[in-house]
Amino acid sequence: YNGNIGVSSDHDRGIFSNKTISVAQHSVMVAESLLLCYGDPVIAMQGLLHDSPEAYFGDVIRPIKIMIKEVISVIEDGIEAQIFKHFGLPEKLDPRVKEVDVNICQYEISALIGGTGHESEYWSPKVSAERFMMMYNRIEKLIEYRLIKS
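These numbers come from a predicted model, not from an experiment.

Asks: Just checking my understanding: could you explain the overall build of the protein chain for this structure?
Replies: Of the regular secondary structure elements, the protein chain holds 7 helices and 0 strands. Shown N-terminal to C-terminal, the secondary structure of the protein chain runs as helices and strands in the order α-α-α-α-α-α-α. Considering only contacts in the protein chain between residues 6 or more positions apart, those separated by 24 or more positions represent 70%. Entry remark: accessible area of the protein chain is about 8,400 Å², with carbon and sulfur atoms responsible for 59%.

Asks: Would you take a moment to explain the nonpolar core for this structure?
Replies: Across soluble globular proteins, nonpolar side chains show a tendency to be buried alongside one another. Among the nonpolar cores identified, the biggest contains 24 residues, and Leu-34, Met-45, Leu-48, Leu-49, Met-135 and Ile-139 are the most heavily contacted of them. For this core, the secondary structure elements donating two or more residues are α1 (23–38), α2 (41–49), α5 (69–86), α6 (95–112) and α7 (125–149). Sort the elements by how many residues they give to this core and α1 lands first, with 7 residues.

Asks: Help me understand the packing of α2 against α7 in this model?
Replies: Think of two packed helices as two axes; the pair is described by the angle between the axes and how far apart they sit. Contact pair α2 / α7: the axes reach a minimum separation of 9 Å and the direction vectors enclose 155 degrees. Considering their axes alone, α2 and α7 lie roughly antiparallel with respect to each other. As α2 runs across α7, the sense of the crossing is left-handed. Contact residues: Pro-41, Val-42, Ala-44, Met-45, Leu-48 and Leu-49 in α2; Phe-132, Met-135, Tyr-136, Ile-139, Glu-140, Leu-142, Ile-143 and Arg-146 in α7. Along the lines of polarity and charge, the residues of the contact of α2 with α7 split into 12 nonpolar, no polar and 2 charged.

Asks: Teacher, can you tell me more about α6 here?
Replies: Residues three or four positions apart in an α-helix share a direction because the helix packs 3.6 residues into each turn. Compared with an ideal rise of 1.5 Å per residue, which puts 18 residues at 26 Å, α6 spans 26 Å between its outermost C-alpha atoms and is within 8% of the ideal. Buried within α6 are the following residues: Val-97, Val-100, Asp-101, Ile-104, Cys-105, Glu-108, Ala-111 and Leu-112. Within α6, the buried residues cover an arc of 145 degrees as seen down the axis, which keeps them to one side. Those residues of α6 that are buried are in contact with α1, α2 and α4 (62–67). If you check the start of α6, you find a side-chain oxygen 2.8 Å away from the backbone N of Arg-96, and it comes from Asp-94. One or two positions beyond α6, positive phi appears at Gly-114, with a value near 85 degrees.

Asks: In this structure, what is going on with the packing of α1 against α6? I would like to understand it.
Replies: The geometry of α1 relative to α6 is characterised by a closest axis approach of 9 Å and an angle of 125 degrees between their N-to-C directions. What the angle tells us is that α1 and α6 run oblique. With respect to the hand of their crossing, α1 and α6 are arranged in right-handed fashion. Residues His-26, Met-29, Val-30, Ser-33, Leu-34 and Tyr-38 of α1 lie in contact with α6, whose contacting residues are Arg-96, Val-97, Glu-99, Val-100, Asp-101, Ile-104, Cys-105, Tyr-107 and Glu-108. Residues belonging to the contact of α1 with α6 are distributed by class as follows: 9 nonpolar, 2 polar and 4 charged.

Calculation rules
Residues numbered from 1 in each chain as written. Predicted model: local features only at pLDDT ≥ 70, side-chain atom pairs only at ≥ 80, totals over all residues. Heavy atoms only, no water. Helix = DSSP H or I, 4+ residues; strand = E, 2+ residues; numbered from the N terminus. Contact = heavy atoms within 4.5 Å. Areas by Shrake-Rupley, 256 points an atom, 1.4 Å probe, with all protein chains shown as cover. Core = buried A, V, L, I, M, F, W, Y, C linked by side-chain atoms within 4.5 Å. Buried < 20%, exposed > 50% of the residue type's maximum accessible area, 1.4 Å probe, protein only. Axes fitted to C-alpha atoms, helices over the stretch in contact; angles between N-to-C directions. Parallel < 35°, antiparallel > 145°, perpendicular 65-115°, else oblique. Left-handed = near helix turned anticlockwise from the far one by under 90°. Nonpolar A, V, L, I, M, F, W, Y, C, P; charged D, E, K, R; others polar. Expected span 1.5 Å × (residues − 1). Arc of directions from axis to C-beta. Polar contact = N/O pair within 3.5 Å; in protein donor to acceptor, adjacent residues only side chain to side chain.

What follows is the structure, encoded as structure tokens:
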């Protein structure tokens, strides 16, 4: 994974704002939520890497994605399966990842338009990259511990 973790605006959600949440920040939020909700590091790693196909073909805004869903799905699913396979993860995305992803997206949209009642923290590209790698290393250790323990 070459890490498309630079700043990505929230245009993929159809929002145009001077505030941005990077793909890395979003992915860390998804992974943290999955770890807290399910305690399964394998699912959390899928959550961390779920947007990784964007590193290869870019980010497509959600309204366009909906219009060409079948074409995009085939491409994304194929790339995602290869990335998951490379990292020793189940190749099919766990449905709980998508559920948490959608909830995090809704939260991000609310935060960007001021609907959460508080300001969200927006990470710089450097902080995004550092926190993404910290989460990756944390989950990797949890997976290794789980393998040793079983």
